[in-house]
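Single-letter residue listing:
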Protein chains: 2
Amino acid sequence: MALTGDMLIGSSNVPASAGTMRALNPATGEHIGPEFAFGGPAEVDRAARLADEAFDSYNRTGLEERAAFLELIADRLDGINQELAERTALETGLPAAQLQGEAATAASQFRQFADLVREGRFRDATIDPAQPERHPRPRMDHRMQKIAIGPVAIFGASNFPISYSIAGGDTASALAAGAPVILKAHNAHPGASELQARAIRSAVVDSGLHEGVFSMLRGAGNEIGEALVDHPLIKAVTFTGSERGGMALYRRAQLRPDPIPVFAEMTSVNPTFILPAALAARGAEAGDGFAVRMLVNVGQMCLKPAILLAVDGPGYAEMRDAAKARVNAMGARTMLAPGIHDAYDQGAQRLRESGAETLTEGPEPQGSWEGRSRLLEVDGERFLADPGLAEEAFGPVALLVRLTGMAQLLDVARTFRGQLSATMHLDEADHSDAARLLPILERRTGRIVVNAFSVPQEVGHATIHGGPFPATTDSRFTSVGMTSIDRFLRPVTYQGFPDALLPDALAADNPLGLRRLVDGHLTQD
Amino acid sequence: MALTGDMLIGSSNVPASAGTMRALNPATGEHIGPEFAFGGPAEVDRAARLADEAFDSYNRTGLEERAAFLELIADRLDGINQELAERTALETGLPAAQLQGEAATAASQFRQFADLVREGRFRDATIDPAQPERHPRPRMDHRMQKIAIGPVAIFGASNFPISYSIAGGDTASALAAGAPVILKAHNAHPGASELQARAIRSAVVDSGLHEGVFSMLRGAGNEIGEALVDHPLIKAVTFTGSERGGMALYRRAQLRPDPIPVFAEMTSVNPTFILPAALAARGAEAGDGFAVRMLVNVGQMCLKPAILLAVDGPGYAEMRDAAKARVNAMGARTMLAPGIHDAYDQGAQRLRESGAETLTEGPEPQGSWEGRSRLLEVDGERFLADPGLAEEAFGPVALLVRLTGMAQLLDVARTFRGQLSATMHLDEADHSDAARLLPILERRTGRIVVNAFSVPQEVGHATIHGGPFPATTDSRFTSVGMTSIDRFLRPVTYQGFPDALLPDALAADNPLGLRRLVDGHLTQD
C-alpha cells in the first residue's frame, strides 16, 4: 500500500492545511517520506460533523452487523501485518518481529470485541415489568439499555505504535460501543498510523457504514488536539501518555460549557515488593527477573516495574547483585523519539539528585537517542522523605528501595500515588505480611500481581489496565480489556413504551436472545 | 427524640465552631429551635480522617453483615417515621402525610440495597482462569471484583428533604458499595437532617461498625462544602441542586491535585411532546394532565415537566384551555425557602422577557414566600431563536411551545440540552413520527416516557435518574435506582493469587455462591 501522507476524513483523503512533516527513523536519524499532512480546527470540525452525522445509524447497527464490521477490521489488519510491522519498525526503532506480534494482537482484540458485541451483554438489558396491581401505587413498565455516548476522540500513543495507537484498544472498544471515532495520530509513527487507518477505513466502506464512523487527523503542536477536546460534537476523549499531556486535555475538557469525560492513562511506577521469605528463598532470581522485565522495550512501557522494594535481610544482597549484573550487561538501545530520550536522561538525573545512589550503568550509548540502562538504590528513610523518588522516569532505569522492616515497607507502600499495577513476590510464610500489604495496594492500584515478573497485558474479561489517579483520570474504568467498552456507554430508560417502538434489546419477545435482568433476575426468556 | 443541634462526627456530638442557625418555618416565617451548630474545615478534616480509618474494615464487611446494617437503617427510619414527617413538614411547608410516604420510601430504598448487597452482583466477580498451555504464551489466572472508591461526600438537597437528603439514595448506594459517607446537611431542614442522621448513626453503632462509616456536618456559606471537595481523603462527591451550585463543586474537584468524580444532578426541563394523533384524540386530557403534574410540590421537582410541545392543529386549543384552567385554579403555595421563592419569580420574569406570553396566572399569593402558578406560551420560531426559553425556572410555571409542524418539532427537539427525562404522548398513528423523534431524545435524555404524566420516581433495576449535561455531570451514571451504586465502585484485578489471599468473591470454591463471569460465561459454580 503506497502511503500518500493525507489525513483520512470519512472517505476523503485530505491534504495538508497547516504544513507537513516527515517521519523520523530514530535508529539512523534519517527522515523518511512521504510528506505527512497536518490539519487544524477546520479538519477537526469536518471530521466531528461527519462523526455526528454517522452516530444515529452506527449506534443503531444490529449486533451481528457491528460484530462483522469489527471482524473485517481484524482481517484487514492481518492482511497488512508484515507491511505494517516493517514500516512501524522504521519509525520507532522497535524490532519488526515484535511489531508483527503487536499487530496480530491488535487484530485479535477487534475479534474479541466482535464476540462481545454479538453476545450483547454490554447493553445491560434490564426490564422492570409493569405492576398495575401494586399498592399504594402501580408501577409502570421500565426498560433500560446502554447506548453509545457519542463521537469519541482518541489520541494515539507513542510507545505501542499499534495496540495503543490507531488500531488499539481504545478504537476497538469505542467502535464496539457504537461510537464513531476520530483518531489524532501520534507524530512519532505517521506512516504506521496511515496504514492502520486505511485498513479501518476500508472496513467501514466495505461494510456499507456511514463514512463518518472513522477519521484520522494529524497536526503539529497542541492546536489540533485542543480543537478536538473543545468540539461540541465530541462526547468523550481517551489518551495514553504523560501526566502533563493527559492532565492538559483533562482540565481543558472540564472547562467546556458541557464537560465531557476524558479517560487518560498516564503514569505508573508499578512497585514490586519482595516479601521476606520469598527474598530469602530466591533473591537472585527476583533481582534478575525484575531487571529483565524493567528493560523490556528500553523501559518504555506503562507497566515497566520501576521500583523494587524489599527489607534488607537474607537474600537482599543476592537480589541486588543479580539486578546489577543484568542491568550492567544490557547495552544502550534506541528510544522511541529524541524527546523521550532527553526526558529519560533528565528523569534519571532527577532520581540521583533526590538522593538515589547509582549501583550500576550499562555500556555507554553509541547512537544519539539510545537510552542507557541504569540501576539506582535508596534507603526507606530517604524514600519517605522525598516523594519525587516515587515519580516515573520513562526509560530503562529502576530504583531499589532498601527497607528496615515490614513496618517501614507498609509505610512506604502508603506513600504511593495511584498505580496501574503492583506486584508482590511471596512464599506461604509471607501470607500474613501480604494480607497486611494487600488493602494498601487495593486502594492504590488497578491490578495486583503475585509471583510474576513477565506480565504481558492480557485482553480479557477480568483485565484491568487502570487505577487511581495519576495512573488514570478515573479509577472506575479501564483502558484495556473487555470492560473498557464501559467508558463509552450510557444508560437510557424506556418507560411505558409500546413494543413497536422499543429497541430490539428490550422488545417483549427478546428477538436478540439476550440474557436480560428481569425484575432483578437474569433470564434469557 | 430531642434535637440537640450538634453535628455528628462518628459517634461524637460536635458543637458549633463557626456559629449557629435556627430552622425557618417557611409557612409562618417563624424560626424554630434548637440552635443548629455550624462547623468548618476542622470538622471536615476530623470526619474525613475517621471515614478514611473506617474504610478498610467497612469495605471488607461481608455481604450479609453489610446487608443487615442497611436493613437496620431502614428499621430505624421506620421507627421515626411520624416524628420525622412532622418535623420536616415544619421546616419545608410540605404536607406531613406526603413526607411520611417519602420517609417510608427512603427506608425501603435501604432494604432494596440490602437485597442487592446480599445477592453480590455489584461485585462483578469475573474470572479468566490460567491457561498454562496456551500458545504462543501462557495466560496467568486473572480475577476481578469491584470495591468501593473510598470515602464519599454527599450534599443533601433541599427539595426532597428525606429521599434526596441525609437518608436518600446517595447515602444508601454509597453505603451499599462499601464507602463511608460524610453528609453535608442542607440548611433548609436542619432538624429533619439531624433526625435522619441519628437514625443512621444508631445503626452504625448497633452494627458494631467503625464509627467513621457515617458523619453529618453543617455549615454556613460555601466554606464547609469547599473543604469537603478539597479534602485529599474524600474520593467522590454527589450533589443534587442548581446548575450553578453543582458546577462550582464539579470544577473545584477537577482542580484538585488528584481530581475526583463529582456526580451532580442539576437541571432539567423534562420536555413533553404531544404528537398529532394523540393531541387530536385527547387534547384536553393532555393539557390537564400536564398541568397537574407540573404543579406538584409547587413545581419544585427535578422531574417537573416544564415545557409542553405540540403542533398547532386539532386538539391544540383544547389542550391549551385545559392547562389554563388547571393553572388558573391552583392557589399560591409556600415554597421551600425564601431564596427559592425569589429565584422562581425571577425565572418566570426571564421567560416573559424572552418573548413568552402569559396565558394565565393563578390567584395572587397571600404569604411572603408563596409561589404563584403560571402558564406561558411561545411559538416555535421564537423558541428556536432564544435558548434561554429552554432553561429551567424552578417553581410552578410551565411553557407551551406552539409548533408549525413535525419538522419544526424535530428542530426544536434538537435544541434541548441534556435532560433527566422526556415524554411523548402518542397514538398508534403517531408511531412513525415517534420513531423520528426517538433518536433525538435518546441522545439528550436519561429516560423517555410514553403516555404518562404522573411518573413518580421508581427505585428499580431499570431506573435511570440521570442524563447528558447539564441534567448531570456524567451521563454514564444515575443518582437513583439500583445501578446508582456504580458511581462508587472501581475494579481491581488479582493476578496469580494463591487462594488464601483472594477475596471471598473470587475464591476458588465460590464461598459466597455468587454468579460469576468465568471465561466470559456466567456461572454459579
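For the structure, check the block above.
Read on for an overview of the structure. Numbers given for residues are sequential positions, taken from 1 along each chain in its written order. Chains carry letters from A onward and ligands carry numbers from 1 onward, assigned in written order. Whole-chain, interface and lining totals are the exception, using all residues; otherwise, since this is a predicted model, local features are given only for residues with pLDDT of at least 70 and side-chain atom pairs are given and counted only at 80 or more. Hydrogens are left out, water is left out, and the side-chain values use all remaining heavy atoms of the structure.

### Details of the overall build of chain A
1) Next: Along its length, chain A carries 14 helices and 23 strands.
2) Next: Taken over the C-alpha atoms alone, chain A extends approximately 75 × 65 × 40 Å along its principal axes.
3) Next: Per-residue accessibility, obtained with a 1.4 Å probe over protein chains only, is compared with the maximum for each type, and a residue is labelled buried under 20%, exposed over 50%, and partly exposed between these values. Among the 525 residues that make up chain A, the fraction classed as buried is 63%.
4) Next: Accessible area of chain A: about 17200 Å², with a carbon and sulfur share of 51%.
5) Next: We count Lys and Arg on the positive side and Asp and Glu on the negative side, and we leave His and both chain ends out. By convention, the point assigned to a charge is CZ for Arg, NZ for Lys, CD for Glu and CG for Asp. Separation of charge centres in chain A, based on 49 positive and 65 negative side chains, amounts to 3 Å. Only DSSP runs of H or I with at least four residues qualify as helices, and only runs of E with at least two residues qualify as strands; both kinds are numbered from the N terminus onward. Each accessible area is a Shrake-Rupley result for a 1.4 Å probe, and residues are judged covered by the shown protein chains and nothing else.

### Let's talk about the packing of aromatic side chains
1) Next: Only Phe, Tyr and Trp rings take part, Trp by its six-membered ring, and two of them pair if their centres are within 6.5 Å. Stacked means planes under 30 degrees apart, edge-to-face means over 60, and tilted covers everything else. Summed over the entire model, instances satisfying the criterion amount to 13 aromatic pairs over all chains.
2) Next: Where F383(A) meets F416(A), the ring centres are 5.8 Å apart and the plane angle is 50 degrees; that geometry is what we call tilted. With F383(A) in helix α12 (residues 380-385) and F416(A) in the loop between α13 (406-415) and β19 (419-425), this pair connects stretches of sequence that are 33 residues apart.
3) Next: A relative accessible area of 2% means that F383(A) is categorised as buried.
4) Next: Ring geometry for F273(B) versus F416(B): centroids 6.5 Å apart, planes at 85 degrees, classification edge-to-face. Taken as a pair, F273(B) in strand β12 (residues 272-274) and F416(B) in the loop between α13 (406-415) and β19 (419-425) lie far apart in primary sequence, 143 residues in all.

### Examining the relation of the copies chain A and chain B
1) Next: Least squares is used to superpose the copies, and the fit set is the C-alpha atoms of residues whose pLDDT is at least 70 in both copies. When chain A is fitted onto chain B, the two copies agree to an RMSD of 0.0 Å after a turn of 180 degrees and an axial shift of 0.0 Å. The symmetry that links the two subunits is that of a two-fold axis. No C-alpha of chain A approaches the rotation axis more nearly than that of Q254(A), which lies at 3.6 Å.
2) Next: Two residues form a contact once any of their heavy atoms are found within 4.5 Å. When the interface residues of chain A are mapped onto chain B, 100% of them are again interface residues, pointing to one common binding face.

### Topic: helix α10 (residues 316-329) of chain A
Residues and elements named next belong to chain A.
1) Next: In this scheme, a helix's expected span is set at 1.5 Å multiplied by one less than its residue total. For α10, spanning 14 residues, the distance from its first C-alpha to its last is 20 Å, which sits close to the expected 20 Å at 1.5 Å a residue.
2) Next: Among the residues of α10, those classed as buried are Y316, M319, A322, A323 and V327. Angularly, the buried residues of α10 cover 135 degrees about the axis, an arc narrow enough to put them on a single face.
3) Next: Lining the buried residues of α10 we find β12 (272-274), α9 (276-295), β13 (307-311), β15 (357-361), β17 (374-379) and β18 (397-403). Here the arc refers to the set of directions running from the helix axis out to each C-beta atom.

### Let's talk about the sheet that holds strand β21 (residues 489-495) of chain A
1) Next: Ordered in space as β23(A)-β22(A)-β5(A)-β6(A)-β21(A)-β20(B)-β19(B)-β12(B)-β13(B)-β18(B)-β17(B)-β15(B), the 12 strands form an open sheet in which the pairing is mixed. Edge positions in the sheet fall to β23 (521-523) of chain A together with β15 (357-361) of chain B, since each of these pairs with one other strand and no more. Taken over all neighbouring pairs, the strand axes of this sheet differ in orientation by 25 degrees on average, direction set aside.
2) Next: Examined bridge by bridge, strand β17 (residues 374-379) of chain B and strand β18 (residues 397-403) of chain B share six bridges and lie parallel to one another. Along β18(B), the bridge assignment pairs L375(B) with A398(B).
3) Next: Most of the contacts of helix α10 (residues 316-329) of chain B go to β17(B), to which it runs at about 155 degrees, and overall it touches β12, β13 (307-311), β15, β17 and β18 of chain B. Only when DSSP finds a minimum of two bridges between them are two strands counted as paired. Angular values range over 0 to 180 degrees, each being the angle between N-to-C directions of two axes fitted as lines to C-alpha atoms, with helices fitted over their stretch in contact.

### Considering the packing of helix α3 (residues 81-92) of chain B against helix α6 (residues 190-206) of chain B
Residues and elements named next belong to chain B.
1) Next: At a minimum axis separation of 8 Å, α3 and α6 run at an interaxial angle of 155 degrees. Overall, the two elements α3 and α6 adopt an arrangement that is roughly antiparallel. For α3 against α6, the interelement crossing comes out left-handed. For the pair formed by α3 and α6, the contact residues are E83, L84, R87, T88 and E91 on the first element and P190, G191, A192, L195 and Q196 on the second.
2) Next: Only Asp, Glu, Lys and Arg are considered charged, only Ala, Val, Leu, Ile, Met, Phe, Trp, Tyr, Cys and Pro nonpolar, and every remaining residue, Gly among them, polar. Each residue belonging to the contact of α3 with α6 can be placed in one class, and the counts come to four nonpolar, three polar and three charged. Throughout, the term roughly parallel applies to angles under 35 degrees, roughly antiparallel to angles over 145, roughly perpendicular to angles from 65 to 115, and oblique to all others. Here a crossing is taken to be left-handed if its near helix is turned anticlockwise relative to the far helix by less than a right angle, and right-handed if that turn runs clockwise.

### Focus: the interface of chain A and chain B
One frequent convention defines the size of an interface as the accessible area lost when the parts assemble.
1) Next: The interface of chain A with chain B comprises 79 residues on the first partner and 79 residues on the second.
2) Next: For any pair of parts, buried area is found by adding up, for both, the accessible area (1.4 Å probe) each one loses once the two are put together. Here chain A and chain B share an interface that buries about 6800 Å² over both sides, 55% of which is from carbon and sulfur atoms.
3) Next: Among the residues chain A hides against chain B, the three largest losses belong to R443(A), E458(A) and R476(A). Together they make up 12% of the total.
4) Next: Here, a salt bridge means any Lys or Arg side-chain nitrogen found within 4 Å of an Asp or Glu carboxyl oxygen. Here chain A and chain B share 10 salt bridges between them.
5) Next: R60(B) is the salt-bridge partner of E442(A), the closest N and O atoms lying 2.4 Å from each other.
6) Next: By the criterion applied in these results, polar contacts are pairs of N or O atoms within 3.5 Å in which, for protein atoms, one can donate a hydrogen and the other can accept it, and in which residues neighboring in sequence qualify only through two side-chain atoms. Taken together, the links from chain A to chain B amount to 39 residue pairs in polar contact (both at pLDDT 80 or more).
7) Next: When contributions to the side of chain A that touches chain B are tallied by element, the ones reaching two or more residues are α1 (41-59), β5 (126-128), β6 (142-148), α8 (243-254), α14 (431-444), β20 (445-450) and β21 of chain A.
8) Next: Considered class by class, the residues forming the side of chain A that touches chain B number 40 nonpolar, 16 polar and 23 charged.

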